[in-house]
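These are the residues of each chain, in order.
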Amino acid sequence: MTSSKDTMEKQWYTISVYSENNVGLLNRISGIFLKRHINIESLNVSKSEIENVSKFTIVIYTTEDWTRKIVNQIEKQIEVIKAFYHTDEETIFQESALFKIASHLLFDERQIQNIIKESKSQIVTVNREFFVLAKTGRRHEIDEMHDALEPYGIMQFVRSGRITVTKATMPISEILAEFQD
Amino acid sequence: METLKAQKKEQKKEAGMRITGAEAIIHCLLAEGVDLIYGYPGGAIMPVYDELYKFQDRLTHILTRHEQGATHAAQGFARVTGKVGVAMATSGPGATNLVTGLADAQIDSTPIVCITGQVPRHLLGSDAFQETDIVGISTPVTKWNYQITKADEIPEIMAKAFYIAKSGRPGPVLIDITKNAQFDELDFAYEKCSGVRSYKPVPKPNMEAITAAAALINAAKKPYIVWGQGIILGEAEEELKAFVEKAGIPAAWTIMGESALPTDHPLNVGMVGMHGNYGPNVLTNECDVLIAIGMRFDDRVTGNLDTYAKQAKVIHFEIDPAEVGKNVKPDIALLGNCKETLSLLLPLIKENEHKEWKAEFDKKHKEEFEAVIKNDLHPTKPGLTMGEVIEQINEASKHEAVIVTDVGQHQMIACRYAKFKKSKSNITSGGLGTMGFALPAAIGAKMGAMDREVVAIIGDGGYQMTIQELGVIFQHNVPVKIVVLNNDHLGMVRQWQELFFESRYASTVMTNPDFVKIAEGYHIKSRRVEKRTDLKDAVQEMIASKDPYFLEVRVEKEDNVFPMIPSGASVADIRLK
Ligand SMILES: Cc1ncc(C[n+]2csc(CCOP(=O)(O)OP(=O)(O)O)c2C)c(N)n1
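Quick notes on the rules
Along each chain, residues carry numbers from 1 onward, in the same order as the chain's sequence is written. Chain A is the first chain written and ligand 1 is the first ligand written, with later ones labelled in order. Confidence filtering applies because this is a predicted model: local features only for residues at pLDDT of at least 70, side-chain atom pairs given and counted only at 80 or more, and all residues used for totals across whole chains, interfaces and linings. Note that water and hydrogens are dropped before the side-chain values are worked out from all heavy atoms of the structure. What makes a residue near a molecule or strand is one non-hydrogen atom of that residue sitting within 4 Å of it. The accessible surface values rely on the Shrake-Rupley method and a 1.4 Å probe; as for residues, cover is taken only from the protein chains in view. Going along the chain from the N terminus, every DSSP run of H or I of four or more residues is numbered as a helix, and every run of E of two or more is numbered as a strand. Classification used: nonpolar for Ala, Val, Leu, Ile, Met, Phe, Trp, Tyr, Cys and Pro, charged for Asp, Glu, Lys and Arg, polar for all others including Gly. Any two of the Phe, Tyr and Trp rings considered here, Trp counted by its six-membered ring, make a pair once their centres fall within 6.5 Å; the pair's planes then place it as stacked at under 30 degrees, edge-to-face at over 60, or tilted in between. For every residue, the accessible area obtained with a 1.4 Å probe (protein chains only) is divided by the maximum for its type, and the residue is called buried under 20%, exposed over 50%, and partly exposed between those limits. Each residue gets a pLDDT score, which is the predictor's confidence in that residue and runs from 0 to 100. Only heavy atoms matter for contacts: two residues are in contact if any of them lie within 4.5 Å across the pair. The salt bridge criterion pairs a side-chain nitrogen of Lys or Arg with a carboxyl oxygen of Asp or Glu, the two atoms within 4 Å.

1. Comments concerning the site of the ligand
Residues and elements named next belong to chain B. Among the 18 residues in the neighbourhood of the ligand, the closest are listed as Gln409, His410, Gly433, Gly462 and Gly491. Its free accessible area being 580 Å², the ligand has 77% of it covered by the protein chains. Residue assignment for the shell around the ligand shows that the elements contributing at least two residues are helix H18 (409–417), helix H20 (460–463) and helix H22 (491–500). Class assignment for the residues of the shell around the ligand results in 7 nonpolar, 10 polar and 1 charged.

Put into structure tokens, the structure is as follows:
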């Protein structure tokens, strides 16, 4: 037998939590990370493919051993229907970012138009003062775009939490159906 | 006039039961079979107390002298009966005073439901008088909690609270109810909860894993069972006994599991853990198959995990999937209620005996007896030992008593030496180690089992943390027997200071009051023993008493508890002195 030890390597894990829509649950779940000093790198809460079922998508950088223990603790919470964890290879994931930039730059700095084209980002809005670029993609793509725009001055920047779908199924409807019988 | 009113009210109820939230809470409690609760009133819970007044013929409320006492009393009640204990408090300070009991119940898997009043909904978040975010505060120390802000939520949420507290791995639930929800009316109808769709309390047993476990056990040369409270919570005492006897396997217990198998059962080899028995600890590292049943490999049980049972295959019976592999990775995990998994396993187990292996436990016991037990139970020095007091209680109560312990040296000594015939008889704060637990817990235990002798064993330190609950014992004449083992020190901390901090007794020496006088102030019969020659008589007088009884025993001031696994050391390195 082996005792648990952080022998495994750290890597990125995405935890997907299907739950009832309950006000206190976010507090309960974040407490599980807090108690173990594990930093939440990204958190997204949304509705899921099932009516009245919420989905938390949580990204952490740690060992599989810790990830498994955390997922077990999350799943133990009364309002959690099921929690899964996956590596990056097992998921399709994206993040979104918004860049707010001064409008005059669009005309003064020719390079900006190239950045917009190359990054495949969209102009969401333009007015006299500023325009807003939206970019969806992998973290490194957003980072690259950020680095490219930074020298010209970014008025505001925000990036969303990771959103993820998994290559394998997450059979929530089956779990809920099981409860019905 | 009065009767007319009452009649009208009854009629109104029958026609759809239009009642206030406060009254609904009482009906929920009655529907759950609750007839005894502990608590303390205050502004935000007053509507419920007003209903308690009206229903006092059916629901007894015991006013503890501090809300912490209410939680521990509810725990004591739950631990001795297997039912859900209930505690009630007002908002703000009343609610925060529940936190220690909730944390204790959470870590020791005790089913309690705590009900707190809260400021009216329209004042929430305004820092109103006695507003505190008890749902936020209690989240990490509850199995579930919820704030009710509308009267019509009451029946469903209360039903859920009782279901969640008791089912699966039990635990504490806190329900916070805003004052408006207590005043407002609802159409009351109650249905017990039979399931929550996102919650699977008991995993289904896996027959393949059970078969594999049976093969491992049948082939084992040195199998060893360590059981915990799961046996008691799952009411699997008979199944455990049948398994132990059929397979002929030596079995040891954690303090939370003590009393599930009679102390004098030939295969009961004693206690594991920091101050447990010598053989059960050392031989953990010599067994070939370690069968852990309803225990969670707490660090006080395992010592250093890197050197814990490395040679053994581990089988873990566990109801809570989150416990599997949390501390020790099992080779086979048997998920489910251990009553069910043990029943499924038993027919696959070959009848066996492990005489030579068992003889190793006996040999180690002899060593421990010579080095430790003899001096604890039959001392030759003048000063009284804690061990001889426990031995006298064993004798006087004929191993039939419920022993409730506080936290410290006396707790370890009581767990080591108390003898039990019946399950649910050792009530202690195991996981949290809450000083102040014993006195209120003993009140709850006694009220839950009036036909049984209940003896609280408490240190002079912990006694003073909830000493005010003597008021409950006096007011309601609760015939608990209280034994304070007075060493004028915070003994367990002093022991560590002696062993690991070169005897620098920082804040562990106490100048104590006259405990007998204090008990007398509460009109509780009491006696102090300072000499060995008086001990037997005093203990017998205490046990014979029909009324509550307080016994102070002045014991050696600087005795140590051995054996001991120093923290961070291996179970194999347990010290006999
Ligand atoms: C509420 C609380 N505070 C502090 C401690 C730390 N602690 C553990 S044992 C102990 C000493 C207990 O002294 P006493 O009640 O006199 O019992 P003894 O060890 O002497 O038997 C202390 C302070 C604790 N367990 N609980």
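Resuming the write-up.
2. Observations regarding the packing of aromatic side chains
Residues and elements named next belong to chain B. As enumerated under the stated definition, the model contains 13 aromatic pairs over all chains in all. Relative to Tyr190, the ring of Phe188 lies with its centre 6.2 Å away and its plane at 15°, an arrangement referred to as stacked. Here Phe188 falls in the buried class, since its relative accessible area comes to 9%. Seen from their ring centres, Trp357 and Phe361 are 5.0 Å apart, and the 75° between their planes marks the pair as edge-to-face.

3. So, the confidence of the model for chain B
All names here are of chain B. Of the residues in chain B, 97% reach a pLDDT of 70 or more, and the chain-wide mean stands at 96. Note on residues 10–15: pLDDT is under 50 here. Beyond four places in sequence and across chains, it has 6 contacts. Across the whole predicted complex the pTM is 0.95, and at the interface the ipTM reaches 0.91.

4. Some thoughts on the pattern of salt bridges
In the structure shown here, the tally under the stated rule is 44 salt bridges over all chains. Put simply, B:Asp320 and A:Lys76 hold a salt bridge, and the shortest N to O gap is 2.7 Å. In this pair, B:Asp320 is assigned in the loop between strand E13 (313–318) and strand E14 (328–329) and A:Lys76 in helix H2 (residues 64–76), connecting two distinct chains. Where B:Lys536 meets B:Glu395, a salt bridge forms, and the shortest distance between an N and an O atom there is 3.3 Å. Here the residue B:Lys536 occupies a position in helix H24 (residues 532–544), and B:Glu395 occupies one in helix H17 (residues 386–397), the gap between them amounting to 141 residues. Taking relative accessible area as the criterion, B:Lys536 reaches 39% and is therefore assigned partly exposed. Counted as one network, the salt bridges with shared partners bring together B:Asp488, B:Asp514, B:Arg528, B:Glu552, B:Arg554 and B:Lys557.

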